Amino acid sequence: MDELKACPFCGEQVETRAKFTEDSEGYADRHEWVECTGCARDFWPVDAWNTRPLEDAQAAEIAALKARIAEMEQAARWIPVGERLPPSGMPVLIATDIGMVKTAEHYSSVRQWSTDDGEYYHDEKYDWITHWCNLPEPPEVK
Ligand SMILES: [Zn+2]
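Scoring rules and cut-offs
Residues numbered from 1 in each chain as written. Predicted model: local features only at pLDDT ≥ 70, side-chain atom pairs only at ≥ 80, totals over all residues. Domains from an automatic or database assignment. Pairing = 2+ DSSP bridges. Helix = DSSP H or I, 4+ residues; strand = E, 2+ residues; numbered from the N terminus.

Asks: What is the right way to look at the domain arrangement of the protein in this model?
Replies: Frequently, the measure chosen for interface size is the accessible area removed from exposure when the parts meet. Assigned domains within the protein: domain 1 (1-55) and domain 2 (79-134). The distance between the C-alpha centroids of domain 1 and domain 2 comes to 63 Å.

Below, the structure written as structure tokens:
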């Protein structure tokens, strides 16, 4: 059997307990149950102790949400220009070393940024552009 899950009531570990009784014909009957070391609640049958459909469903949902959060954080991450540049011509947000943020595209063939307010910054002259980030998805307009 897998390791027994903790007590759902108090969170403490549980242990299996067993005792033998004698049936009417003198044969030994083994009785086994789970007992909490914290709150002393007991449970039978032992095989069903780890069956927790609601807890398992919540754990699966939490894992899926954590994966989605990680995916969204990765998509919205500020990427240092020294790490990599965006695909050529793709609009992104850029940030400078003084905290200014603009929308711009980088053109790899001419090695320069073109901002939406009509400015051009060559990579070598304007090293104050420190990071870029993907634009968020536009809202769905109905
Ligand atoms: Zn307990």
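Asks: What is the right way to read the sheet that holds strand E5 (residues 92-96) from this model?
Replies: Each strand in a sheet pairs with its neighbour through backbone hydrogen bonds, running either in the same direction (parallel) or in the opposite one (antiparallel). The antiparallel open sheet is built from six strands, whose spatial order is E4-E9-E5-E6-E7-E8. Every other strand in the sheet has two partners, leaving strand E4 (79-80) and strand E8 (120-122) as the edge strands with one partner each. For E5 and strand E6 (residues 101-107), the ladder comprises four bridges, and the chain directions are antiparallel. Residue pairing for E6: Leu93 is matched across the bridge by Thr103.

Asks: Quick question: what am I supposed to make of the pairing of strand E9 (residues 129-134) here?
Replies: Every other side chain in a regular strand lies on the same face of the sheet, so the side chains alternate between the two faces. With two bridges connecting them, E4 and E9 associate as antiparallel partners. Counterpart to Pro80 in the pairing with E9 is His131. Sheet topology note: the E5/E9 ladder contains five bridges and is antiparallel. Considered in E9, the bridge of Thr96 is made with Ile129.

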